[in-house]
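Below are the chains, spelled out letter by letter.
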Amino acid sequence: MSVDQNTVRHIARLARIAVTDEEVAPLAKELSSILDWVEQLGEVNTDNVEPMASVENLALPMREDVVTDGNIQDQVTKNAPGADDGFFAVPKVVE
Amino acid sequence: MTDLTKLTLAEARDKLKAKEITSSELTGAYIKEMEGARALNAYVLETADKAAEMAKASDARLQKGEGGPLEGIPLGIKDLFCTEGVRTTACSHILDGFTPTYESTVTSQLWRDGAVMLGKLNNDEFAMGSSNETSYYGAVTNPWKGKGEDKALVPGGSSGGSSAAVAARTALAATATDTGGSIRQPAAFTGTVGIKPTYGRCSRWGIVAFASSLDQAGPITRTVRDAAIMLKSMSGYDPKDSTSVDQPVPDFEKALTGDIKGLKVGIPREYRVEGMPEEIEKLWTQGIDWLKAAGAEIVDVSLPHTKYALPAYYIVAPAEASSNLARYDGVRYGLRVEGKDITDMYEKTRAAGFGAEVKRRVLIGTYVLSAGYYDAYYIKAQKIRTLIAQDFKQAYEKVDVLLTPTAPSDAFGIGEKTDDPLSMYLNDVFTVTVNLAGLPGISLPAGLSARGLPLGLQLIGRAFDEETLLRTAGVLEEAAGFNAEPDAWWRA
């Protein structure tokens, strides 16, 4: 399985990372070599094996549905590159 | 004053408590060493004023006979830990200028126990790397050099700033994190001790996330006892991390009894990999002999899926990273590059803010999670993960702890592996299985290579049995008697 240049452009778009034309070919090569290497997992029979998402077999802890934090609007927006009047400021989204 | 930096953490603690030295003296000596070691690039931010202030406060407490278990001890903090009011970037351009308004749980526990912060330590960008070369702030240079060589070597990674700072005695101990070997491999490359505790032992809250099901915090220190002391302060249940485990934290230092008579130590035969240097093999055999001499029983065990751990890791970790790093979009913190619309802004910000290795992993992660590939890659890797965990479970029916080498070589040169991501990934061949299974692992210095560079041995324990791990490590440390030190070429 190899990653072609169109696939690189597609996944870069999904990942919201701009790639230049010059970057696409080397990325296709690098990603292909990594994916070719992981292909060896195909040798292992994993029929009837449960996938492991976490090493802990614990149910997520439950707590009362109450506010435990808040009223820190200034702290939340303090590091934003664009903030206005207690809100995050972004380029216009809706025409 | 340099005598002060020769003390281990345990010795310094005892002298502080006995009022033989003050934290201001100790911290002052470390600040001097830190400022004189900028050639190593181990620190990305020095906080000398804050350190002096914290030391003064510690001295006031110590004077009154008060103070916590780490009172007055100067530490370096990996830049992955959020520190309130102190810039935290994970050594990524995309977190430019980020100054947290909160403190990570682990560091807050260290300050609770009286520790002093010297500064923030360099690491691979978002902890993605095995050599500390992917940092936006540049590579860290290993304090160690090969015999008769002038070549600059890597300190390992991703916690390369932590390992270099402790090895060069510019921090008494350091925090670190480990997703695939990022505490243990740098420890091995620098002649220091590094322990990655069981997944869930330390809270991940406030630590910049890389791969959440694998990330764990732990210390890098000079001795096993120091590691036990640091780990106790760093551990504990935290309701703010849903994967933090509500278990009592043992007094790890008490586990260092030096007695391992009758302990069953497993030697996994699959770790004898092709092309392993003879000196690594020899060190491993030496380790086996040391444990035998101390009364342990050596048992041959098999972990049949070992060779599939790395490829499985390079699916699981990038997948989780691609999801975790989606938050860096130029809106809430860090870098923003303006664009013609919001999508353009996201894409330009992330293109400018992420380095090459981070981009590679985010793209791989996006690919293996994308429609049509999810089952073939991601679910497959998760199933392999189950098999790897089962391998360990079966081994632990027969043994109490496993002994392996930490890394397949001694420290390599800066720039030697940067053009070949796969050869870089292979550094983690002995450490990554431990993260996939969520087990605790420790690396300790056990000898020198032919080039005169440190080599590490790794012990792997049962989940939440760091005590056996530390006890065994203490015995190995005693037997190895590692006391070599790098020449201080970096001193300004």
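Residues numbered from 1 in each chain as written. Chains lettered and ligands numbered in written order. Predicted model: local features only at pLDDT ≥ 70, side-chain atom pairs only at ≥ 80, totals over all residues. Heavy atoms only, no water.

Chain B appears in an unreviewed UniProt entry as Glutamyl-tRNA(Gln) amidotransferase subunit A from Tepidicaulis marinus. Under the UniProt heading Sequence similarities (unreviewed entry), the note attached to chain B is "Belongs to the amidase family. GatA subfamily." Quoted verbatim from the Subunit (unreviewed entry) field of UniProt, the annotation for chain B is "Heterotrimer of A, B and C subunits." (UniProt positions renumbered as here; feature names shortened; annotations may be inferred.)

As annotated in an unreviewed UniProt entry, chain A is Aspartyl/glutamyl-tRNA(Asn/Gln) amidotransferase subunit C from Tepidicaulis marinus. You can read under Sequence similarities (unreviewed entry) in the UniProt record for chain A the words "Belongs to the GatC family."

Considerations on the overall build of chain A
In terms of helices and strands, chain A carries three helices and two strands. Beginning at the N terminus, the succession of helices and strands in chain A can be written as α-α-α-β-β. The C-alpha radius of gyration computed for chain A amounts to 22 Å, which surpasses the reference 12 Å derived for 95 residues by more than 25%, pointing to a less compact arrangement than a globule. Dimensions of chain A, computed from the C-alpha atoms along their principal axes, are close to 55 × 45 × 25 Å. A buried classification covers 28% of the 95 residues belonging to chain A. Put simply, of all contacts in chain A between residues at least 6 apart along the chain, 31% involve residues at least 24 apart. Put simply, chain A shows about 6900 Å² of open surface, and 50% of that area lies on carbon and sulfur atoms. Computed over 7 positive and 18 negative side-chain charges, the separation of the two mean positions in chain A equals 9 Å. (Helix = DSSP H or I, 4+ residues; strand = E, 2+ residues; numbered from the N terminus. Rg over C-alpha atoms; globule rule 2.2 N^0.38 Å. Buried < 20%, exposed > 50% of the residue type's maximum accessible area, 1.4 Å probe, protein only. Contact = heavy atoms within 4.5 Å. Areas by Shrake-Rupley, 256 points an atom, 1.4 Å probe, with all protein chains shown as cover. Lys, Arg positive; Asp, Glu negative; His and termini not counted. Charge placed at Lys NZ, Arg CZ, Asp CG, Glu CD.)

Re the overall build of chain B
In terms of helices and strands, chain B carries 15 helices and eleven strands. Against the globule reference of 23 Å for 492 residues, chain B gives a C-alpha radius of gyration of 21 Å, in line with a compact fold. In terms of overall dimensions, chain B has a C-alpha envelope of 65 × 55 × 50 Å along the principal axes. Within chain B, buried positions represent 68% of all 492 residues. A separation of at least 24 residues holds for 77% of the contacts in chain B among residues at least 6 apart in sequence.

Description of the sheet that holds strand E1 (residues 43–46) of chain B
Residue and element names in this part refer to chain B. Taken in spatial order, the eleven strands make up an open sheet running E1-E3-E2-E4-E6-E5-E10-E11-E9-E7-E8, and their pairing is mixed. Two strands lie at the open edges of the sheet, namely E1 and strand E8 (297–301), each paired on one side alone. Averaged over all neighbouring strand pairs, the angle between strand axes comes to 30°, with direction disregarded. One ladder, built from five bridges, connects strand E4 (residues 173–178) with strand E6 (residues 216–221); its direction is antiparallel. When the sheet's bridge partners are listed, Thr175 is paired in E6 with Pro219. Where helix H7 (residues 224–234) meets the sheet, its contacts fall on strand E2 (74–78), E4, strand E5 (193–196) and E6, and the angle it forms with E6 comes to roughly 145°. (Pairing = 2+ DSSP bridges. Axes fitted to C-alpha atoms, helices over the stretch in contact; angles between N-to-C directions.)

Some thoughts on unusual backbone geometry
Backbone torsion omega between Gly157 of chain B and Ser158 of chain B reads 10°, so that peptide bond is classified as cis. With respect to the helices and strands, the residue Ser158 of chain B is situated in the loop between strand E3 (116–121) and helix H5 (160–167). The backbone of Asn71 of chain A shows a phi angle near 55°, a positive value even though the residue is not glycine. Its location among the elements puts Asn71 of chain A in the loop between helix H2 (21–38) and helix H3 (73–77). Residues other than glycine seldom take positive phi values, yet Ala127 of chain B does so here, at roughly 65°. Inspection of the secondary structure assignment puts Ala127 of chain B in the loop between E3 and H5. By relative accessible area, which is 3% here, Ala127 of chain B ends up buried.

A look at the packing of aromatic side chains
Enumeration over the complete set of coordinates arrives at 19 aromatic pairs over all chains. The interplanar angle of 55° and the centroid separation of 6.0 Å between the aromatic rings of Trp37 of chain A and Tyr314 of chain B together place this pair among those described as tilted. Of this pair, Trp37 of chain A sits in helix H2 while Tyr314 of chain B is found in helix H9 (residues 309–324), placing the two residues in two different chains. Each of the two residues, Trp37 of chain A as well as Tyr314 of chain B, counts as buried. (Phe/Tyr/Trp six-rings, centres within 6.5 Å; stacked < 30°, edge-to-face > 60°.)

Examining the interface of chain A and chain B
Listed as interface residues are 49 residues of chain A and, on the opposing side, 61 residues of chain B. Regarding the contact of chain A and chain B, the summed buried area is about 4900 Å², with carbon and sulfur atoms giving 70% of it. Ranking the residues of chain A by area buried against chain B places Trp37, Leu41 and Met52 of chain A at the top, with a combined share of 14%. Linking chain A to chain B there are four salt bridges. Here Arg360 of chain B and Glu30 of chain A are joined by a salt bridge, their closest N and O atoms 2.8 Å apart. (Buried area = accessible area lost by both parts, 1.4 Å probe. Salt bridge = Lys/Arg side-chain N within 4 Å of Asp/Glu carboxyl O.)

Some words on the UniProt feature "active site" (unreviewed entry) in chain B
Residue and element names in this part refer to chain B. Mapped onto this structure's residue numbering, the UniProt feature "active site" (unreviewed entry) falls at Lys78, Ser158 and Ser182. Their sequence span is 105 residues, while the largest C-alpha to C-alpha distance among them is just 11.4 Å; these annotated residues converge on one region. When residues no more than four places from it in sequence are discounted, the contact partners of Ser158 are Lys78, Asn122, Asn123, Asp124, Ala127, Met128, Gly129, Asn132, Thr177, Ser182 and Pro186. Mapping Ser182 onto the fold places it in the loop between E4 and helix H6 (184–190). When near neighbours in sequence (up to four residues on either side) are disregarded, Ser182 contacts Ala127, Gly129, Gly157, Ser158, Ser159 and Thr177.

Some words on a nonpolar patch on the surface
Residues and elements named next belong to chain A. Where nonpolar side chains cluster on the molecular surface, the patch consists of Val90, Val93 and Val94 and spans about 270 Å² of accessible area. Tracing the backbone through its elements, the reader meets Val93 in the segment after strand E2 (87–88). Residue class for Val93 comes out exposed when judged on its relative accessible area of 55%. (Patch = residues over 30% accessible without salt bridge, like charges linked within 9 Å, V, L, I, M, F, W, Y side chains within 5 Å.)

Overview of the UniProt feature "domain: Amidase" (unreviewed entry) in chain B
Under the UniProt annotation, "domain: Amidase" (unreviewed entry) lies at residues 25–470 of chain B. Secondary structure content for residues 25–470 of chain B is 35% helix and 14% strand, and the end C-alpha separation is 30 Å.

Concerning the side chain of Asp238 of chain B
Tracing the backbone shows Asp238 of chain B in the loop between H7 and strand E7 (264–268). The charged side chain of Asp238 of chain B is buried without a salt bridge, its nearest counter-charge being Lys240 of chain B at 5.2 Å.

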